[in-house]
Amino acid sequence: MQKWFIFLGNNLLLKKQGDSYSVPEADNSPTPTFEWTTIQELPSLDDMPCKAYALTSPPREGLPESFVTVDLRQSYYLLPHAHYLMAAKASELLYWDSNTHYCGVCGAPMKRQTVISKKCTNCGKEIWPQVAPAIIVRIKKAATLDADGHVVEPEKILLVHARNFRHSERMGLVAGFVETGETLEECVIREVHEEVQLNITNIRYFGSQAWPYPCGIMIGFTADYVSGSIHLQEEELSRGSWFSRDKMPDIPDKMSIARQLIDDWLSS
Ligand SMILES: [Zn+2]
């Protein structure tokens, strides 16, 4: 038996029994595959070999009985965490495979060398899956106190609404891709300056999260506000302001490191 991580676009094929969802297990691929279908090998899970492939269109004969398609993000809430992580890895590897049929140096076909590498059939160029790092930062503004030490303004964090958010009301954290030649900390400072024009200090690593949409890693930081007033980068952000714990807006899903960063502050 093997576990099969099968993708149809951004959706994962899962087996549904009652209210429970699972990664299908079978000796052979549960749907028809073609000679051009890449079967991607994955590490084992629960002592069972794992494989992945992508369908370019729904099977002509329909999905096997009791199979459903579930958005990869949604599968986070439906599968055991280790299974979601394997699905995420599978998605990244299939994305890599589909984008590297030909050599970027000479244009000749690439040939699979190991489960995570390919080699050019002409010039010998070797490639591995690439991960795109992005930073995300929670900026805290200290409480303002009066002369007697009473709180005038409570502690707040900066939340912004990016134009590419899927939810119109949702507020998240400043984030952005790391550029060539910069450190993660430099990236945090640059992104904060570009997006909201604030000066920050005390940049501290918080944690990271594989982000397979399609092949990223989110690296989370915390920082403290120093100076400046919010000026939004209009092309990327539509809203941005400081929020106190008792007046939080709609915030990102539990699955995201953005939410972990916000929850960490809310519970501190
Ligand atoms: Zn080549």
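None of these values were measured; they are calculated from a predicted model.

1. Quick word on the sheet that holds strand β10 (residues 126–127)
Here is step 1 of the chain: As summarised here, the arrangement of the 3 strands in space is β8-β9-β10, forming an open sheet in which the pairing is antiparallel. What marks the edges here is a single partner per strand, and that holds for β8 (110–114) and β10.
Here is step 2 of the chain: One ladder, built from 2 bridges, connects strand β9 (residues 117–120) with β10; its direction is antiparallel. Pairing of K118 across the sheet is with I127, part of β10.

2. Things to note about the coordination of the zinc ion
Six octahedral donors around a metal ideally make angles of 90 or 180 degrees; four tetrahedral donors ideally make 109.5 degrees.
Here is step 1 of the chain: The coordination sphere of the zinc ion contains the protein donors C103 (SG), C106 (SG), C120 (SG) and C123 (SG), at a distance range of 2.3 to 2.4 Å.
Here is step 2 of the chain: Each of the 4 donor atoms bound to the zinc ion contributes to angles spanning 98 to 116 degrees, and the resulting shape is tetrahedral.
Here is step 3 of the chain: Here the donor residues for the zinc ion map to a single chain with the spacing C-x2-C-x13-C-x2-C. Pair noted here: C106 is in the loop between α2 (81–98) and β8 and C120 is in strand β9, with a separation of 14 residues, a long-range link.
Here is step 4 of the chain: Taking the relative accessible area as the measure of exposure, C106 reaches 35% and is therefore partly exposed.
Here is step 5 of the chain: For C120, a relative accessible area of 5% corresponds to the buried category.

3. With respect to the state of the cysteines
Here is step 1 of the chain: Taken as a whole, this structure holds 0 disulfides when the rule is applied.
Here is step 2 of the chain: Summary of cysteine pairing: C215 is not part of a disulfide, and the nearest cysteine sulfur, belonging to C187, is at 16 Å.
Here is step 3 of the chain: The exposure class assigned to C215 is buried, which follows from its relative accessible area of 17%.

4. Brief notes about α2
Here is step 1 of the chain: Its 18 residues place the ends of α2 26 Å apart at the C-alpha level, agreeing with the 26 Å of an ideal helix rising 1.5 Å per residue.
Here is step 2 of the chain: Within the sequence span of α2, burial applies to H83, Y84, M86, A87, A88, A90, S91, E92, L93, L94, W96 and D97.

5. Considering a nonpolar patch on the surface
Here is step 1 of the chain: Taken together, the side chains of V115, I116 and W128 make up a nonpolar region of the molecular surface, amounting to roughly 280 Å² of accessible area.
Here is step 2 of the chain: V115 gets classed as partly exposed once you look at its relative accessible area, which sits at 40%.

6. Details of the packing of aromatic side chains
Here is step 1 of the chain: Taken as a whole, this structure holds 7 aromatic pairs when the rule is applied.
Here is step 2 of the chain: When the centroid spacing of 5.0 Å and the interplanar angle of 80 degrees are considered together, the rings of Y76 and Y77 count as edge-to-face.
Here is step 3 of the chain: Here Y76 falls in the partly exposed class, since its relative accessible area comes to 22%.
Here is step 4 of the chain: The partly exposed category is assigned to Y77, whose relative accessible area is 39%.
Here is step 5 of the chain: Relative to Y213, the ring of W211 lies with its centre 4.8 Å away and its plane at 70 degrees, an arrangement referred to as edge-to-face.
Here is step 6 of the chain: Through pairs of rings, three or more aromatic residues link up here, namely Y76, Y77 and Y84.
Here is step 7 of the chain: Sitting over the ring of Y225, K141 keeps its end group 5.0 Å from the ring centre.
Here is step 8 of the chain: One cation-aromatic arrangement involves R245 over W265; the distance from NZ or CZ to the ring centre is 4.2 Å.

7. Quick look at the domain arrangement of the protein chain
In many reports, interface size means the accessible area that the parts give up when they come together.
Here is step 1 of the chain: As assigned here, the protein chain comprises domain 1 (2–99) and domain 2 (132–266).
Here is step 2 of the chain: Taking the mean C-alpha position of each, domain 1 and domain 2 sit 33 Å from one another.
Here is step 3 of the chain: The interface of domain 1 with domain 2 comprises 10 residues on the first partner and 11 residues on the second.
Here is step 4 of the chain: Together domain 1 and domain 2 conceal approximately 1000 Å² of surface at their shared face, both sides included; 58% is due to carbon and sulfur atoms.

8. Digging into the environment of Y77
Here is step 1 of the chain: Structurally, Y77 can be placed in helix α1 (residues 72–78).
Here is step 2 of the chain: As for Y77 and W4, which are separated by 73 residues in sequence, their C-alpha atoms are 19 Å apart.
Here is step 3 of the chain: Those residues in contact with Y77 that sit more than four places away from it in its chain are D253, K254 and M255.

So, how was this worked out
- Residues numbered from 1 in each chain as written.
- Predicted model: local features only at pLDDT ≥ 70, side-chain atom pairs only at ≥ 80, totals over all residues.
- Heavy atoms only, no water.
- Pairing = 2+ DSSP bridges.
- Helix = DSSP H or I, 4+ residues; strand = E, 2+ residues; numbered from the N terminus.
- Donors = N, O, S within 2.8 Å, 3.2 Å for Na, K, Ca; no water.
- Tetrahedral: all angles 85-135°; square planar, octahedral: opposite > 155°, others 65-115°.
- Buried < 20%, exposed > 50% of the residue type's maximum accessible area, 1.4 Å probe, protein only.
- Disulfide = S-S within 2.5 Å.
- Expected span 1.5 Å × (residues − 1).
- Patch = residues over 30% accessible without salt bridge, like charges linked within 9 Å, V, L, I, M, F, W, Y side chains within 5 Å.
- Areas by Shrake-Rupley, 256 points an atom, 1.4 Å probe, with all protein chains shown as cover.
- Salt bridge = Lys/Arg side-chain N within 4 Å of Asp/Glu carboxyl O.
- Phe/Tyr/Trp six-rings, centres within 6.5 Å; stacked < 30°, edge-to-face > 60°.
- Lys NZ or Arg CZ within 6 Å of the ring centre and 35° of its normal.
- Domains from an automatic or database assignment.
- Contact = heavy atoms within 4.5 Å.
- Buried area = accessible area lost by both parts, 1.4 Å probe.

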